Amino acid sequence: MVRLSGLSIISIVTAVSAQFSSTGLTVTLQDIHYFISPYSAGKVNVDQKSLNKIPGVFGFKPVTVVPDAKESDLPKLLSSWTSIDDVFQPAFARVILLGSAKHPHGGPPGQKKHLPGVESAIFKLDNTKIPAGPYFLEVDTGLLYPVHKLYQDFTGSFLEGLLQKPDGTFQTLSAQIPGSASLTIGVPSRLYYTKTPQKPLAGVRLGVKDIYRLAGVKGSNGNRAWYNLYPASNVTGTAVQRLIDAGAIVVGLQKTSQFANGESATSDWVDYHEPFNPRGDGYQDTSSSSSGAGASVAAYEWLDIAIGSDTGGSVRGPAGVQGLFGNRPSHGLVSLDNVMPLSPTLDTPGFLTRDPYIWDAANAAMYGKNYKSLVSAKVKYPKKVLALGFPAATSTAPSAVYFNNFLTALTKFIGGTSTALNLENEWKATGPGGPTLAQLLNQTYATIITKEQTELVRNPFYRDYAAAHDGRTPFVNPVPLSRWAYGDSRSAADLEAEYAAKSTFMKWWNDKILPPVADKNQCSSGFVVYPGSSGGQNPRNRYRTLPGVPLGFGTSRISVFSEVPDSVFPLGQVSSFSAISNHNEQFPVAVNIMAAKGCDGLLVKLAQDLTKAGILTVPMAGGTIEGGEILMKRKFEYDEF
């Protein structure tokens, strides 16, 4: 028996003219929550009387559209749909609108079982331009409406669920299903979309970090005062628009730490709650600032990829601690118009994903002509591997075993050799002379990000807020305040000196350590590999010291200053005792790999080839990188009181 019930009809009422406009309808079908889009996909002609016995609600009935298959193919086709699409279910097959059906519309439908336990009424589909998949048919009008399956954002990764409108703008998803202080996210059927050379991301579900502006959407940059002060954007920035043009489906805006500064749970996140890292005990810090991106891709199988940003590690950190592929690209590959800056000198847009092939397609779409995909190329991998900060070969620590085994496997795979790289020694031997790297670059990152963000973000924000609130100052979290104060203590001359220090390092690195080569199928003279996440624990229930300033220089800053691509590859996971769960839990281990500037496609191709070779394993969504139930979502059958 098919069960279909209505939960709510959401409408907007204006006080002046009492105009009503539908923003969609939430229903349940077989106890699964769905959202009926307010935007029709097309009109069909179906005899209303023939549908009298089909369950419906508010004049809508679930149907399946099959524009280009034979009736004899339906059992196999529909069965495959149940495995490849999380939105489609057999209850939609009670009515099938079939392009090849022989009887005309309005004729007697055939009653056959094309799925176990489901008797289907077959009608002639007279509009074969409508994409295949599940729909809700408004019986009175003959209009077909796309359907979205609704999911609970139990990790708290999203700021807002979104619905893409036909005109290219967005609106808030007007849906809510049961959940503990969590938003609802809707995803459309994957069956509606077909990948083509023009639409390589067709149907790919995308989360967008809340620093990227989307047409019709208010942003917050992690700050409530900002969200309430400024109106919705009237444009979508170039980076995200390119993904949309390639077919990606934006499903929601995702949380960022405030103004994309590095923050930790409990001590730093004030305006909004930090998302929950689903790995291990479920209470480890997500890293930042692309926190929502990392937590969501690690937790939700229904989400394919998320766009974050990396200035000093804001993609690489979340990717590492949640066991995902992630990238800081070569600097300057795409315009960052309509994106909140931390530092235009250092900001880059990057991705977090479980799939290295979607990763490549997304890179190609967003970076455009500045990215060379090597998926179909015969790659000539460089033979030089420089190992930076690797543990001793004799170390038996679980993470050390992962790192050293990977280094050995990588070197063997490319037929090369690995050499330990001591950065300070190499700088002393081949650099321009003068101070050590630690001395030269100690204040470079902190000065550049704070001086640039105070001018581009803080000052106009404070000015606009004061004008709207009788001279008041908006609330800002402790970390941005601390950093901005440091920026105020640095002069314009200090900033110019740090720009010069960055340029000096970049020239040395790109000339002496990791120069490019002319052969486009090799691109880089070598790889530089360094340990990322070691599977250590950083629980979110820890009170920390007062926020400081990100001074110093380390391996994660190399790509920041040299502008080279730096990607995260998940290696595995290590078991350790959790004081949260009082059990041994699994925590991700990941490695970082750099190539020469402009060789971004080489790193993605390497990830694909190492996966094929069994050296890397594609991570899964769940409590571990091998999948499995997320601890905070584990269910138990209790007796009722």
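Here, the structure is the one placed above.
Residues numbered from 1 in each chain as written. Predicted model: local features only at pLDDT ≥ 70, side-chain atom pairs only at ≥ 80, totals over all residues. Heavy atoms only, no water.

### A word on the overall build of the protein chain
Within the protein chain, the secondary structure is distributed over 14 helices and 23 strands. Against the globule reference of 26 Å for 641 residues, the protein chain gives a C-alpha radius of gyration of 26 Å, in line with a compact fold. Along the longest, intermediate and shortest principal axes, the C-alpha atoms of the protein chain span 90 × 65 × 55 Å. Sorting the 641 residues of the protein chain into buried and exposed places 56% on the buried side. Entry remark: accessible area of the protein chain is about 26,300 Å², with carbon and sulfur atoms responsible for 53%. Between the averaged position of the 57 positive side-chain charges in the protein chain and that of its 51 negative side-chain charges there is a distance of 5 Å. (Helix = DSSP H or I, 4+ residues; strand = E, 2+ residues; numbered from the N terminus. Rg over C-alpha atoms; globule rule 2.2 N^0.38 Å. Buried < 20%, exposed > 50% of the residue type's maximum accessible area, 1.4 Å probe, protein only. Areas by Shrake-Rupley, 256 points an atom, 1.4 Å probe, with all protein chains shown as cover. Lys, Arg positive; Asp, Glu negative; His and termini not counted. Charge placed at Lys NZ, Arg CZ, Asp CG, Glu CD.)

### Observations regarding the packing of helix H8 (residues 423-430) against helix H12 (residues 492-513)
In the contact formed by H8 and H12, the axes pass within 12 Å of each other and the chain directions differ by 90°. Regarding the angle of H8 to H12, the classification is roughly perpendicular. Here H8 contributes Leu423, Glu426, Trp427 and Thr430 to the contact with H12, which in turn contributes Thr504, Trp508, Trp509, Lys512 and Ile513. Looking at side-chain class alone, the contact of H8 with H12 contains five nonpolar, two polar and two charged residues. (Axes fitted to C-alpha atoms, helices over the stretch in contact; angles between N-to-C directions. Parallel < 35°, antiparallel > 145°, perpendicular 65-115°, else oblique. Contact = heavy atoms within 4.5 Å. Nonpolar A, V, L, I, M, F, W, Y, C, P; charged D, E, K, R; others polar.)

### Details of the state of the cysteines
For the structure shown, the criterion picks out one disulfide. One disulfide in the model links Cys523 with Cys599; its S-S distance is 2.0 Å. One quick way to see it: the torsion about the S-S bond of Cys523 and Cys599 is about -90°, and its sign makes the bridge left-handed. With Cys523 in the loop between H12 and strand E21 (526-534) and Cys599 in the loop between strand E23 (583-594) and helix H14 (600-612), this pair connects stretches of sequence that are 76 residues apart. With a relative accessible area of 16%, Cys523 lands in the buried category. (Disulfide = S-S within 2.5 Å.)

### Concerning the pattern of salt bridges
Tallied over the entire structure, the rule returns 16 salt bridges. A salt bridge links Glu274 to Arg540; the nearest nitrogen and oxygen atoms lie 3.4 Å apart. Of this pair, Glu274 sits in the loop between strand E15 (249-254) and helix H4 (291-299) while Arg540 sits in the loop between E21 and helix H13 (558-562), and the two are 266 residues apart along the sequence. Exposure class is identical for Glu274 and Arg540. Each is buried. The closest approach of N and O atoms between Lys597 and Glu563, which form a salt bridge, is 2.6 Å. Pair noted here: Lys597 is in the loop between E23 and H14 and Glu563 is in the loop between H13 and strand E22 (566-578), with a separation of 34 residues, a long-range link. We classify Lys597 as partly exposed; its relative accessible area is 34%. Here the salt bridges do not stand alone but share partners, grouping Asp310, Arg316, Arg328 and Asp566 into one network. (Salt bridge = Lys/Arg side-chain N within 4 Å of Asp/Glu carboxyl O.)

### Regarding the nonpolar core
By size, the foremost hydrophobic cluster in this structure holds 75 residues, and its most contacted members are Leu243, Phe406, Phe527 and Phe569. Looking at which element gives the most residues to this core, the answer is helix H6 (residues 356-367), with seven residues. With near-sequence residues (within four places) excluded, Phe406 lies in contact with Val529, Phe569, Leu571, Val591, Ile593, Leu610, Ile615 and Leu616. Judged by nonpolar contacts, the second largest core, of 67 residues, contains Leu29, Ala69, Val87 and Leu137. (Core = buried A, V, L, I, M, F, W, Y, C linked by side-chain atoms within 4.5 Å.)

### Focus on the pairing of strand E16 (residues 305-310)
With respect to burial, E16 is a largely interior element, six of its six residues being buried. Note that strand E14 (residues 205-209) and E16 share three bridges and pair parallel. For Val208, the partnering residue across the bridge sits in E16 and is Ile307. Judged from the six bridges that link them, E16 and strand E18 (residues 348-353) form a sheet pairing that is antiparallel. Counted as the bridge partner of Ser309 is Pro349 from E18. (Pairing = 2+ DSSP bridges.)

### Details of the packing of helix H3 (residues 238-245) against H6
With their axes 8 Å apart at the nearest point, H3 and H6 run at an angle of 120° to one another. For the element pair H3 / H6, the angle class is oblique. The way H3 lies across H6 gives a crossing that is right-handed. In contact with Ala239, Arg242 and Leu243 of H3, H6 contributes Ala362, Ala365, Met366 and Tyr367. (Left-handed = near helix turned anticlockwise from the far one by under 90°.)

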